[in-house]
Amino acid sequence: MGTRKKVQAFVRVRPTDDFAHEMIKYGEDNKSIDIHLKKDTRRGVVNNQQTDWSFKLDGVLHNASQDLVYETVAKDAVSQALDGYNGTIMCYGQTGAGKTYTMTGATENYKHRGILPRALQQVFRMIEERPTHAITVRVSYLEIYNENLFDLLSTLPYVGPSVTPMTMVENPQGIFIKGLSVHLTSQEEDAFSLLFEGETNRIIASHTMNKNSSRSHCIFTIYMEAHSRTLSDEKYITSKINLVDLAGSERLSKTGSEGRVLKEATYINKSLSFLEQAIIALGDQNRDHVPFRQSKLTHALKDSLGGNCNMVLVTNIYGEAAQLDETLSSLRFASRMKLVTTEPAINEKYDAERMVKNLEKELALLKQELAIHDSLSNRTLVNYDPMDEIQIAEINSQVRRYLEGTLDEIDIINLRQIQEVFNQFRVVLSQQEQEVESALRRKYTLIDKNDFAAISAVQKVGLMDIEGNLVGEPDGQSFGLGVAPFSVKPGKKPKTKKTPKDQFSSSARKEGASSPVSGKDFDVASISKTQLIPSSKDGDLKDMLARERETSSIEPLISDSPKEELRAPRPSTPPSRTVAFEEFKNERGSEINRIFKEKKSILNEGKKRGRGDNPADQRPSSRRLMRPKMHSISRNHFGRSRGVREQGLMIIDEEEFLLILKLKDLKKQYRNEYQELRDPPGLRSNTASAWWISVAIACSWNLTSGTMSLL
């Protein structure tokens, strides 16, 4: 982004024979102007009327020629436009103050031409001085009359009639006038012809202040686009120059406008008032919103007022005393405009066609450099072009052979081949996933665990228990995958008892043998988000289960190991909970069962000692010995309560004192016996064994689901 800079404001005074020298004075540097008014004596003695004003500007042009005005105001902005900076030159002031003369000039004399024709002449002369760039120039001429947009160049024969009215459209590049014709000019004469064509189409009127008063705001825009003639430079710059000739502000009491001219003056003053409000908002640093959309003029100049543009204002004023009020108003507008800051920046763009050509050239050079590098390093000829279908098919074949084990390694030549190998790995993986999914869909019905309606239907049929597990689903250390009979419901014990021949053998459980039913069909037991339910063509799950029970084989799986051949056949349903628990105590839980029995005997012995039921222990318990002592002490207390007291103290005889001491010893002995019964020595050690005893007592086999469950 460019640096911020203030808007330049100049004042041009219209020459007149009746110049108010006493009221208007210029500074020595020609950059300030002072206004002095005499007090109105009709207001009385106490008169607070302001009489002096001073305005600091960038320059005051008094009795200046058109050449001096252009050199001072517009030359720098036009020259910077060819470097990529946008520019705007605007004339503002009272009606009849010389705005159109400053901007366009007079056609009678060549020296009296204004800023606009001189800017066109400078543009084409600078193009001739830059032979290294191909610069194209286009122009457009917009008129804003009574808040309506008009194209002043629409009368040309090659410009077609516009069906839709002109509108303003905002885009990231700025304000775009939809429907405005833009004309290509290859030389200076063509641009002047378009300027004169537009001037003849402008709306003018006559009133007491000006015989040829402009009744509309006009914006003449010069668009420039500069491309370098060298192919290596894909950058190009664009810029535009807005030359704005505003309609003059009018006081109806002085102009005497009526009818159509009065309506035009109303729209002119209204749009100029909105322009001043926008300038005030731009000059206030605390304002966030600027009312650009209040009028077509401010909306069209949104890019110029405080945007990416070199902004120059020329304020035209009268030097006569009768017009001093309008002069003060115009100077106030110029001073407010100087508070506005803009941020000019170069408009750089990239030519896509040139960029592609440069990239192709660079790619060819890189390929040549790689070929030289391969030849110097004695490498075989490597092709760096994109792979065709035959090469991709060959890589796919190598990847499949590598996965099957028939190919030890894949030869890597360049980066494209590495990327294609990984791509083919992804293709093969995707194909295998689709094959597995299709195979599962042919043999099973996939049920989503979030589909509660389907899960409830399967539970009613009996293929799933309450916890959401399939009947016969493996848990890692119990029985293998199988299908339970339909009569066995989840969570219920079977009605018929199983004989020992129908139970699981210990060797079969340790080896983790699975059910022989459809052994090859259960490659995938379950999926993370779905349950597999054997599918049937007729859709009847009960009939399918009946057929599964009839066709399921109870013979063990054929294996090469002799232990597998001697394995007992597994039943289609698990044994009862009691039988499974007994087998657990005899085999895997034998050590836990031994510790449990040992600790249980210690607990039973302690209970007998506490009750005194042990005939081997003939010693009377401390609790029995305490009872007669306590009765004796109670009787002595009761008899003494009615006896004699000496000096307020209770008299205790020797016998009662000995009973109290004996009672204390018996209490201490009783506490020791109680602590010994509470925590026997055999149960204090081996904390882990005690914990396993509690687990063994609190747990039992839930053979319906094949997992341990707490009682």
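Not measured: the values here are computed from a predicted model. Numbering of residues starts from 1 in every chain and runs along the sequence as written. Two thresholds apply to this predicted model, a pLDDT of at least 70 for residue-level local features and 80 or more for giving and counting side-chain atom pairs, whereas whole-chain, interface and lining totals are computed over all residues. The basis for the side-chain values is all heavy atoms of the structure; hydrogens and waters are excluded.

1. Describing the nonpolar core
Point 1. Counting residues in each nonpolar core, the largest one holds 49 residues, and the members touching the most others are Ile35, Met90, Leu305 and Met337.
Point 2. Strands are runs of DSSP state E lasting at least two residues, helices are runs of H or I lasting at least four, and both sets are numbered from the N terminus onward. In terms of residue count, the dominant contributor to this core is helix H7 (residues 260-283) (seven residues).
Point 3. Definition used in this section: a nonpolar core is a set of buried Ala, Val, Leu, Ile, Met, Phe, Trp, Tyr and Cys residues joined via side-chain atoms within 4.5 Å. Three labels apply to residues, based on accessible area from a 1.4 Å probe with only protein chains included: buried if under 20% of the type maximum, exposed if over 50%, partly exposed otherwise in between. Among the nonpolar cores identified, the runner-up in size contains 43 residues, and Leu120, Val139, Leu156 and Met224 belong to it.

2. Remarks on the packing of helix H11 (residues 389-404) against helix H12 (residues 415-443)
Point 1. In this description, a line fitted to the C-alpha atoms serves as the axis of each element, helices being fitted only across the stretch in contact, and the angle between N-to-C directions of two axes falls anywhere from 0 to 180 degrees. The interhelical angle for the contact between H11 and H12, taken along N-to-C directions, is 60 degrees, at an axis separation of 9 Å. Classified by the angle their axes make, H11 and H12 are oblique. For the pair H11 and H12, the sense of crossing is right-handed. In this structure, H11 uses Ile392, Ile395, Asn396, Val399, Arg400, Tyr402 and Leu403 to contact H12, whose residues at the interface are Gln417, Glu420, Val421, Gln424, Phe425, Val427, Val428 and Gln431.
Point 2. Charged residues are taken to be Asp, Glu, Lys and Arg, nonpolar residues to be Ala, Val, Leu, Ile, Met, Phe, Trp, Tyr, Cys and Pro, and polar residues to be all remaining types, Gly included. Partitioned by chemical class, the residues of the contact of H11 with H12 number nine nonpolar, four polar and two charged. If an angle is under 35 degrees, it is roughly parallel; if it is over 145, roughly antiparallel; if it lies from 65 to 115, roughly perpendicular; otherwise it is oblique. Rotating anticlockwise by less than a right angle from the far helix to the near helix defines a left-handed crossing, while the corresponding clockwise rotation defines a right-handed one. By definition in these notes, contact holds between two residues if any of their heavy atoms fall within 4.5 Å.

3. Let's talk about the sheet that holds strand S5 (residues 52-56)
Point 1. Should DSSP find at least two bridges between two strands, the strands are regarded as paired. On the basis of which strands lie adjacent, the open sheet formed by three strands has the order S3-S4-S5 and antiparallel pairing. Only two strands of the sheet have a single neighbouring strand rather than two, namely strand S3 (24-26) and S5. Averaged over all neighbouring strand pairs, the angle between strand axes comes to 20 degrees, with direction disregarded.
Point 2. Pairing of S3 with strand S4 (residues 32-36) involves three bridges; the strand directions are antiparallel. Note on S4: the bridge partner recorded for tyrosine 26 is isoleucine 33.

4. Details of the pattern of salt bridges
Point 1. Take a side-chain nitrogen of Lys or Arg and a carboxyl oxygen of Asp or Glu: if they are within 4 Å of each other, that pair is a salt bridge. According to the stated counting rule, one finds 20 salt bridges in the structure shown.
Point 2. Across the salt bridge formed by arginine 441 and glutamate 437, the nearest N and O atoms sit 3.1 Å from each other. Here arginine 441 and its partner glutamate 437 are both found in helix H12, four residues apart, which amounts to about one turn of the helix.
Point 3. A salt bridge links glutamate 591 to arginine 594; the shortest N-O distance between them is 2.5 Å. Taken as a pair, glutamate 591 and arginine 594 lie in helix H18 (residues 590-611) at a separation of three residues, close to a single helical turn.
Point 4. Arginine 594 gets classed as partly exposed once you look at its relative accessible area, which sits at 44%.
Point 5. One network of salt bridges, with partners in common, ties together Glu170, Arg293 and Lys302.

5. Structural notes on helix H10 (residues 352-376)
Point 1. In this scheme, a helix's expected span is set at 1.5 Å multiplied by one less than its residue total. If you check H10, its first and last C-alpha atoms are 36 Å apart, about what 25 residues at 1.5 Å a residue would give, namely 36 Å.
Point 2. Of the positions making up H10, those classed as buried are Arg354, Asn358 and Asp374.
Point 3. Residues of H10 that are buried sit in contact with strand S15 (217-228).
Point 4. Of the residues that open H10, the one with a side-chain oxygen 3.3 Å from the backbone nitrogen of glutamate 353 is aspartate 351.
Point 5. A positive phi of about 60 degrees marks asparagine 378, the residue just after H10. Under this definition, polar contacts are N or O atom pairs within 3.5 Å; protein pairs additionally need one hydrogen-donor-capable and one acceptor-capable atom, and for neighbouring residues in sequence, both atoms have to be side-chain atoms.

6. So, the UniProt feature "binding site: ATP" (unreviewed entry) in the protein
Point 1. UniProt positions are given in the numbering used here, feature names are shortened, and annotations may be inferred rather than shown by experiment. Using the residue numbers shown here, the UniProt feature "binding site: ATP" (unreviewed entry) corresponds to Gly93, Gln94, Thr95, Gly96, Ala97, Gly98, Lys99 and Thr100.
Point 2. Topologically, threonine 95 is positioned in the loop between strand S7 (87-93) and helix H3 (99-103).
Point 3. Judged by relative accessible area, threonine 95 falls into the buried class, the value being 3%.
Point 4. Mapped onto the fold, lysine 99 is located in helix H3.

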